[in-house]
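One-letter residues, chain by chain:
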Amino acid sequence: MSRTAVVTITRGRAGHLALQCRGLAADPPDLHVVVGMGERPEPPVVPGCEQVVVVLPDHGGPLPLAAARNRGADEAMGAGAEVLVFLDVDCIPGPRAVSRYREAVSAATGPALFCGPVAYLPPPPPEGYPATGLAALAPPHPGRPAPDDGVLLRDDRFELFWSLSFGVSAESWRSWGGFHEGYRGYGAEDTDFALTAAAAGARLYWLGGADAHHQYHPPTRETPARAAEMVHNSHLFRRRHGYWPMRDWLHDLARDGLVDFDPDADVLRLRG
């Protein structure tokens, strides 16, 4: 059986991390790598799972999301992981998520990316989210395919890839080099990663049964401080791929008076 690692990056999300670990206990990986960005996380013990904590130094500025994922992958592969599963810290894996990723990645005959369905949970009740039955609280995100358990759905729309929950083999990861570390802070690094994988001949699949449940928090992109990060990352993406990413979000920022964005005139700049 392929040695499987779950990689999680975090900063200031102890509560989210605790619930993720509770979810992992139902279907534990061989290894859980937790990368703290400028802090040392203290994940709860997941029975039957080796845990490794890595601290990425804080050099100031936006969070190094891309670099942190790469560091987590390096740590996992250095410990012998053949299957890499990436889960954002605010995602609680479903009861078969790790196993479904392990099975699909191990059976792949070439470079491939696998994404499981993700449901966005409502705000938790006063007593918190229940330990089981999360699937009944919210349907999968309507903007992505959500095949039934055991169904593998191929998709050529690599722009739909999301980094909050995905699986990949260590061999595939090495073949296209992980995330571009020029992206810092929020936005576009996951689409860049997917397009780089596509250019290297990878296939994209939606994996039924590899479900995750996203814990509620206000949308990150609506934080004014994220506007500068999104402008920087969008310009980098534009140089690398020839078009503007996240157009709906950039139009929202322009509507809110935070940026000037005119894709027809090739203009994107932070106001003020």
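Described in the following lines is the structure provided in the data block. In this text, all values refer to a predicted model and were calculated from it rather than measured experimentally.

### Some thoughts on unusual backbone geometry
Only a minority of non-glycine residues have a phi that is not negative, and only a minority of peptide bonds are not trans. Residues other than glycine seldom take positive phi values, yet A188 does so here, at roughly 80 degrees. You can call A188 buried: its relative accessible area is 3%.

### Quick word on the packing of helix α5 (residues 189-199) against helix α6 (residues 226-241)
Contact geometry of α5 with α6 gives a least axis separation of 10 Å together with a crossing angle of 15 degrees. If you check the angle between α5 and α6, you find them roughly parallel. Regarding α5 and α6, the two cross each other, and that crossing is left-handed. Between α5 and α6, the contacting residues are T191, D192, L195 and T196 on the first element and F237, R240 and H241 on the second.

### Side note on the sheet that holds strand β7 (residues 118-120)
Spatially, three strands are ordered β5-β11-β7 in an open sheet, and the strand pairing comes out mixed. With one partner strand each, in any of the chains shown, β5 (91-93) and β7 form the two edges of the open sheet. Put simply, the sheet's adjacent strands are angled 25 degrees from each other on average, direction ignored. Relative to strand β11 (residues 212-214), β5 runs antiparallel, the two sharing three bridges. Its bridge partner lying in β11, I92 is registered against H213.

### Some words on the packing of aromatic side chains
Counting across every chain of the model gives 15 aromatic pairs. Centroid distance F86 to W173: 5.1 Å. Interplanar angle 15 degrees. Geometry classified as stacked. Taken together, the residues span a long stretch of sequence, with F86 in strand β4 (residues 83-87) and W173 in helix α4 (residues 170-176) at a distance of 87 residues. W173 carries the same exposure label as F86, and that label is buried.

Cut-offs applied
Residues numbered from 1 in each chain as written. Predicted model: local features only at pLDDT ≥ 70, side-chain atom pairs only at ≥ 80, totals over all residues. Heavy atoms only, no water. Buried < 20%, exposed > 50% of the residue type's maximum accessible area, 1.4 Å probe, protein only. Axes fitted to C-alpha atoms, helices over the stretch in contact; angles between N-to-C directions. Helix = DSSP H or I, 4+ residues; strand = E, 2+ residues; numbered from the N terminus. Parallel < 35°, antiparallel > 145°, perpendicular 65-115°, else oblique. Left-handed = near helix turned anticlockwise from the far one by under 90°. Contact = heavy atoms within 4.5 Å. Pairing = 2+ DSSP bridges. Phe/Tyr/Trp six-rings, centres within 6.5 Å; stacked < 30°, edge-to-face > 60°.

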